[in-house]
Amino acid sequence: MRLLSHILRRPLLEATAHCDLPCGVYDPAQARIEAESIKAVQEKYQANEDPEFRQRAVLIKEQRSELVKHHLWVLWTDYFKPPHFEKYPELHDLFNRATKAAGASGTKGSMDPAKGQELLDLIAQIDKIFWETKAAA
């Protein structure tokens, strides 16, 4: 640090922030929208017997499931901080269950719309806590 300060010929300032970027860039809505797509695909799959349509539906549903996991992981690892986990001790378990609900034992591995609804219900719980933390910030 001193060497860098010496090279730049000015003191380095330390900056701190709640988020990686200014607040406002995180939102569980991204995960929810993908999860809504998953459930819709699962419902369309159930209503259609065409094998090519079903094959495409499975592929799309699996891609959307990966996107849900990605959006949840970003919230879990980048937005939520230790004070949130202290105030909401269920958060780690909630994220763990939600990402698993988007994984192989959940929407990624099932064409059952009930699995899609389970995922949406978990995301809704995360969303509620998220907005409580935003209101407190």
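Our structure's up above, just so we're on the same page.
The structure reproduced in this document is the subject of the present report. These numbers come from a predicted model, not from an experiment. (Residues numbered from 1 in each chain as written. Predicted model: local features only at pLDDT ≥ 70, side-chain atom pairs only at ≥ 80, totals over all residues. Heavy atoms only, no water.)

## Some thoughts on the nonpolar core
When a protein is soluble and globular, its nonpolar side chains tend to lie buried together.
Thought 1: Residues Val 68, Leu 72, Phe 80, Phe 95 and Leu 119 are the most contacted members of the largest nonpolar core, which totals 25 residues.
Thought 2: For this core, the secondary structure elements donating two or more residues are α2 (29-46), α3 (51-79), α5 (91-101) and α6 (113-136).
Thought 3: Examining the composition of this core, we find that seven residues originate from one element, α6, more than from any other.
Thought 4: Apart from the residues within four sequence positions on either side, Phe 80 is in contact with Leu 75, Phe 85, Leu 91, Phe 95, Ile 129, Phe 130 and Thr 133. (Core = buried A, V, L, I, M, F, W, Y, C linked by side-chain atoms within 4.5 Å. Buried < 20%, exposed > 50% of the residue type's maximum accessible area, 1.4 Å probe, protein only. Helix = DSSP H or I, 4+ residues; strand = E, 2+ residues; numbered from the N terminus. Contact = heavy atoms within 4.5 Å.)

## Comments concerning the packing of aromatic side chains
Thought 1: Counting across every chain of the model gives eight aromatic pairs.
Thought 2: Residues Phe 80 and Phe 85 carry aromatic rings whose centres are separated by 6.2 Å and whose planes lie at 55° to one another, so their mutual orientation is tilted.
Thought 3: Look at Phe 80 and you get buried, because its relative accessible area is 3%.
Thought 4: Centroid distance Phe 80 to Phe 130: 6.5 Å. Interplanar angle 80°. Geometry classified as edge-to-face. A residue pair is termed long-range when its members are at least 10 positions apart, and Phe 80 in the loop between α3 and α4 (82-87) and Phe 130 in helix α6 qualify at 50 residues.
Thought 5: We classify Phe 130 as buried; its relative accessible area is 0%.
Thought 6: In this structure an aromatic cluster arises from ring pairing among Tyr 26, Trp 76, Tyr 79, Phe 80, Phe 85, Phe 95, Phe 130 and Trp 131.
Thought 7: Arg 54 extends its terminal NZ or CZ atom over the ring of Tyr 45, reaching a point 3.9 Å from the ring centre. (Phe/Tyr/Trp six-rings, centres within 6.5 Å; stacked < 30°, edge-to-face > 60°. Lys NZ or Arg CZ within 6 Å of the ring centre and 35° of its normal.)

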